[in-house]
Structure formats: C-alpha cells, structure tokens
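Here is what each chain is made of, one letter per residue.
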Amino acid sequence: MTYLLRDVSTMTVRGLRLVSRDLDAMITAVVLPVIILLMFVLVFGGAMDTGTGYINYVTPGVILLAAGFGAASTAAAVEHDMSSGMVERLRSMPVTAWTVLSGHVAASLVKNLVTTAIVFGVSILMGFRPEASALEWLAAVGMILLFVGWITWLAALVGVLVRSPEAAGGFSFFVMFLPYVSSAFVPVDTLPGWLRGFAEHQPVTPVIETVRGLLAGDTAGVADPVGTAVLAVAWCLGLGLLFAAAAGLAFRARR
C-alpha cells in the first residue's frame, strides 16, 4: 500500500507539472466558462424567468461546465502518454503503471478546484450572492469534486481507448452537451416534452440542483431536495466506479 500511494503521489505531481506547462489548455478551461457566464447573464439573463436572480440560477451550471472543460483535457493527456511510449517505460520499471491514470485524475481534481474558484470569483463580481453556511459550502465542494471525479475517469477511459489527439479532443463535445440539456441554464419544465424526460433523468441535472440548493438556497421546482442530493451522489459514485474500473481494464488490455 505504501508503494501504491507513493506511485500515485508521484504521478499526481507529474500531472500537475504537465498542467502548469500547458498554459493554453488552462486558460481555455477558465476563459470559456467565464465567457459563457457573461453571455448568458448579460445577453440572455433579462429574458430568462427562473423565479430568482438569473446569476444565482446559472452560476452552479457554469461551474460544472468549467469542471467538464478541465476534465476534457485529461483525455488528451492520457492519450499522449499511451501513444508516446511513456506507459511502456513505466511498465519496464518497478512501478505500478496504471497509477498514471490515477495521477491524471488527481491532477484534474486540483486543477478544477482552481478553475472553479476563478469562476466563483467572477460570478460574485457579477452579483452572485451565496447564502450557504460553512457546512453547506463543504457539501457543495464535495458534490463538485464527485462530479469532476466521474467525468475525469470517463475522460481517462476515452484517452486509453482512442488512438489520436483529435479523437481525444472530441470528448469536449460530450462534456458541453450534457449541461446544456439539463437544468443548468433553464428550468427543465420549459423544455419540449421529448427532451424534458432526458434532462430530468441524466446525471448532471440532480448535481446542478443540489449545488444550487446548497449555495443559493434555491430549491424552487425541486420536489424533494434531499432525495435529489442522494440521487446526485449515487450517480457520481456509480459512474465513477464504473468508469474507473473500465479505464483500468482497458489500460491493461492495451499494448
């Protein structure tokens, strides 16, 4: 166990160094969500009727979108390790080679905490006023980390399976798609009936509604806030375990 923890910590430090050297990806992961926040609040916010200040409504969704952008770069980083010979070098050394995946995931969690904090700061400057207690802040951060965890393990799986940086970059489309078809920007009851069913039963919606309820105290339209929070945690844990196991199996199968 000591050697395993050492390997994971080493790969995490390596992953953070790679992130610090890829300033373009870091800037993109921050700038794009901020632009989306500005666009929706300043351009569309006046036309949106959500029953509360639109900045309070949309901020949790943009935070998860920022987390998704950050996780998307993990797919490209894992694909680079798989195709550049890095993994083969690790397999020839007394180190648990699959910890490279855990290192990328851990580095993504740290990176996303930074980008989330920046998006929070911009939203507060624009008028977002959280009403959360210290415990609710901790719960909201924990919920965001759970979300980042499963989507990053999915990105790691994609990085193992694909064979080119372009294919790995395509993961960003999936990341952008889910929050838009959820309660991130508009209440789901305003969507067409055929689309509402998908929005109500996909993993992003309960996560967003849980974070929104914890930070802004806005549970309007949520019949069972506690049940929604339990569902969000179940989605994140279930998908995280599924994709982590699948990424590990795919990693061992690829040569």
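Keep in mind the model is a prediction, meaning the values are calculated, not measured.

Topic: a nonpolar patch on the surface
Turning to step 1, where the next piece is worked out: A contiguous nonpolar surface patch, about 430 Å² in accessible area, is contributed by Leu23, Ile27, Val31, Leu32 and Ile35.
Turning to step 2, where the next piece is worked out: The residue Ile35 is located in helix 2 (residues 23-44) in this model.
Turning to step 3, where the next piece is worked out: Note on Ile35: relative accessible area 47%, which makes it partly exposed.

So, the environment of Ser183
Turning to step 1, where the next piece is worked out: Looking at where Ser183 falls in the secondary structure, it is placed in the loop between helix 8 (171-180) and helix 9 (193-200).
Turning to step 2, where the next piece is worked out: As for Ser183 and Glu136, which are separated by 47 residues in sequence, their C-alpha atoms are 20 Å apart.

Some details on the pattern of salt bridges
Turning to step 1, where the next piece is worked out: Using the criterion set out here, one finds 1 salt bridge in the structure.
Turning to step 2, where the next piece is worked out: Among the ionic pairs, Asp81 bridges to Arg14, the shortest N-O distance being 2.7 Å. Of this pair, Asp81 sits in helix 3 (residues 54-84) while Arg14 sits in helix 1 (residues 2-21), placing them 67 residues apart in sequence.

Overview of the layout of surface pockets
Turning to step 1, where the next piece is worked out: Roughly 330 Å³ of internal volume is contained in the second largest pocket.
Turning to step 2, where the next piece is worked out: Lining the second largest pocket are 17 residues; nearest its centre among them are Leu18, Asp22, Ser73, Ala76 and Ala77.
Turning to step 3, where the next piece is worked out: Of all the secondary structure elements, the ones that give two or more residues to the lining of the second largest pocket are helix 1, helix 2, helix 3 and helix 5 (99-125).
Turning to step 4, where the next piece is worked out: For the lining of the second largest pocket, the element with the highest residue contribution is helix 3, accounting for 6 residues.
Turning to step 5, where the next piece is worked out: Class assignment for the residues of the lining of the second largest pocket results in 8 nonpolar, 6 polar and 3 charged.

What counts, and at which threshold
- Think of each chain on its own: its residues are numbered from 1, step by step along the sequence as written.
- Reporting in this predicted model follows two pLDDT cut-offs: at least 70 for local features of residues, and 80 or more for side-chain atom pairs to be given and counted; totals over whole chains, interfaces and linings ignore these cut-offs and use all residues.
- Where side-chain values are given, they derive from all heavy atoms of the structure, hydrogens and water being excluded.
- Excluding any residue in a salt bridge, patches collect residues exceeding 30% relative accessible area, merging like charges within 9 Å and nonpolar Val, Leu, Ile, Met, Phe, Trp and Tyr side chains within 5 Å.
- Note on areas: these come from Shrake-Rupley sampling with a 1.4 Å probe, and a residue is covered only by the protein chains present in the view.
- By salt bridge we mean one thing: a side-chain nitrogen of Lys or Arg within 4 Å of a carboxyl oxygen of Asp or Glu.
- For the purposes of this entry, the term helix denotes a DSSP run of H or I that reaches at least four residues, the term strand denotes a run of E that reaches at least two, and both are numbered from the N terminus.
- The rule is simple: take the accessible area with a 1.4 Å probe, protein chains only, and divide by the maximum for that residue type; under 20% is buried, over 50% is exposed, in between is partly exposed.
- Residues are said to line a cavity or pocket when one of their atoms sits within 4 Å of a point; the points come from a 1 Å grid over protein atoms alone, cavities being sets where a 1.4 Å probe fits but cannot get out and pockets being open sets with protein on both sides within 12 Å along at least five of seven lines.
- Grid points are joined across faces, edges and corners, and a volume is the space filled by probe spheres set on the points.
- The nonpolar class holds Ala, Val, Leu, Ile, Met, Phe, Trp, Tyr, Cys and Pro. Asp, Glu, Lys and Arg form the charged class, and all remaining residues, Gly among them, are polar.

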